[in-house]
Structure formats: C-alpha cells, structure tokens
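Residue-level structure breakdown
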Amino acid sequence: MVTQRNTWQKDKVREALCEAPGFVSAQRLHATLRDADTGIGLATVYRALAGFAAAGEADQLQSPDGESLYRACTMSSHHHHLICRSCGKAVEIEAKAVEQWAQETAAQHGFREPEHVVDIFGLCADCA
Ligand SMILES: [Zn+2]
Ligand SMILES: [Zn+2]
Ligand SMILES: [Zn+2]
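All figures in this text were calculated on a predicted structure; none of them were measured in a lab.

**Considerations on the environment of Q27**
Within the secondary structure, Q27 is located in helix α2 (residues 26-35). A tally of 12 C-beta atoms within 10 Å means that Q27 is categorised as exposed. Sequence-wise, Q27 and V118 are 91 residues apart; in three dimensions their C-alpha atoms are separated by 24 Å.

If you want it as structure tokens, here you go:
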C-alpha cells in the first residue's frame, strides 16, 4: 500500500529530525537518511518537513542565505531562536523586549494583529 509506505517514510524523517542536534536543511536530513540506507527520496523529505511545519510539529525558518531550515521543536508557544550558522545548534529564547517593540511599532502605524519572525544567527561557543 502506498499510504503505508508514506507513513513509514514520514516516521523515518521525523525520527531523523528529532535526532538532529539543531536546525537542518532538507538536503542535510536527506543525506543522513541516505547514510542510514532508507531509500527515501529528497522530494519525500521536503514534503514531510513542510507537513511537520504546517502541523506545528517542527520549527521552520529561513537561513540568511535563503535556505529553509527545520527542527523538531520542544516549545509550542511563540518564541525565537539563537542559531549557530556553522553547526545548526539552536537555543529557544524568549524576547519580551521584541514582543513589546513589535506591538508598539505596529500600533503606532495603525496595524493590528502584528506577527513577527526574529531569529539570531551567529557562531556558537564550540564553532567560534
Ligand atoms: Zn523553537
Ligand atoms: Zn556551532
Ligand atoms: Zn516574538
């Protein structure tokens, strides 16, 4: 059954995502799965990751060079990330000053229901 095979592949992708030490691209995760000899295609990895992100099971963000990065996230509420651009290691952070600034700035310009994405990329202590 095609459905069963897709579920099995999706589980493998989720497993690999959970084992990744930080944010990973679809290509990098696909390489990990290929090393494990799963035979899962890159398109399947892309689809599975997009599905996790849409379902709120994974964090998705854009790297500074425009690549989509994913991570199995432990926090379900709104938060920000500090990400190592070398190894992908990430720290979940709250940013109360940013929340307030975003609200106030939007209000000043008459905007309602503001949303924002703020992630900080840098080099972690191990990579610096
Ligand atoms: Zn997160
Ligand atoms: Zn690092
Ligand atoms: Zn925020």
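**A short note on the packing of α2 against helix α3 (residues 42-54)**
Their axes nearest at 9 Å, the elements α2 and α3 cross at an angle of 120 degrees. In terms of their interaxial angle, α2 and α3 are classed as oblique. Of the two possible hands of crossing, α2 and α3 adopt the one that is right-handed. From α2, A26, L29, H30 and L33 reach across to α3, where they touch L42, V45, Y46 and L49. Residues that form the contact of α2 with α3 fall into these classes: 7 nonpolar, 1 polar and no charged.

**A closer look at unusual backbone geometry**
A positive phi angle, close to 65 degrees, is found at D37, a residue other than glycine. Classification of D37 by C-beta neighbours within 10 Å gives exposed; the count is 7. In this structure, E113 is a non-glycine residue whose phi angle is positive, near 45 degrees. Relative to the assigned elements, E113 resides in the loop between α4 (96-108) and β6 (119-122).

**A look at the UniProt feature "binding site: Zn(2+)" (unreviewed entry) in the protein**
UniProt records the feature "binding site: Zn(2+)" (unreviewed entry) for C84, C87, C124 and C127 in the present numbering. The greatest C-alpha distance among the annotated residues, which extend across 44 residues, is 8.2 Å, indicating that they converge on a single site. Here C84 is to be found in strand β4 (residues 80-84). Exposure remark for C84: the 20 C-beta atoms within 10 Å place this residue in the buried category. Apart from residues no more than four positions distant in its own chain, C84 is found in contact with G22, K89, G122, L123, C124 and C127. By the element assignment, C127 lies in the segment after β6. Not counting residues within four places of it along the chain, the set of residues in contact with C127 comprises C84, S86 and C87.

Thresholds applied
- Residues numbered from 1 in each chain as written.
- Chains lettered and ligands numbered in written order.
- Predicted model: local features only at pLDDT ≥ 70, side-chain atom pairs only at ≥ 80, totals over all residues.
- Helix = DSSP H or I, 4+ residues; strand = E, 2+ residues; numbered from the N terminus.
- Buried ≥ 20, exposed ≤ 12 C-beta atoms within 10 Å, placed from the backbone.
- Axes fitted to C-alpha atoms, helices over the stretch in contact; angles between N-to-C directions.
- Parallel < 35°, antiparallel > 145°, perpendicular 65-115°, else oblique.
- Left-handed = near helix turned anticlockwise from the far one by under 90°.
- Contact = placed C-beta atoms within 7 Å.
- Nonpolar A, V, L, I, M, F, W, Y, C, P; charged D, E, K, R; others polar.
- UniProt positions renumbered as here; feature names shortened; annotations may be inferred.

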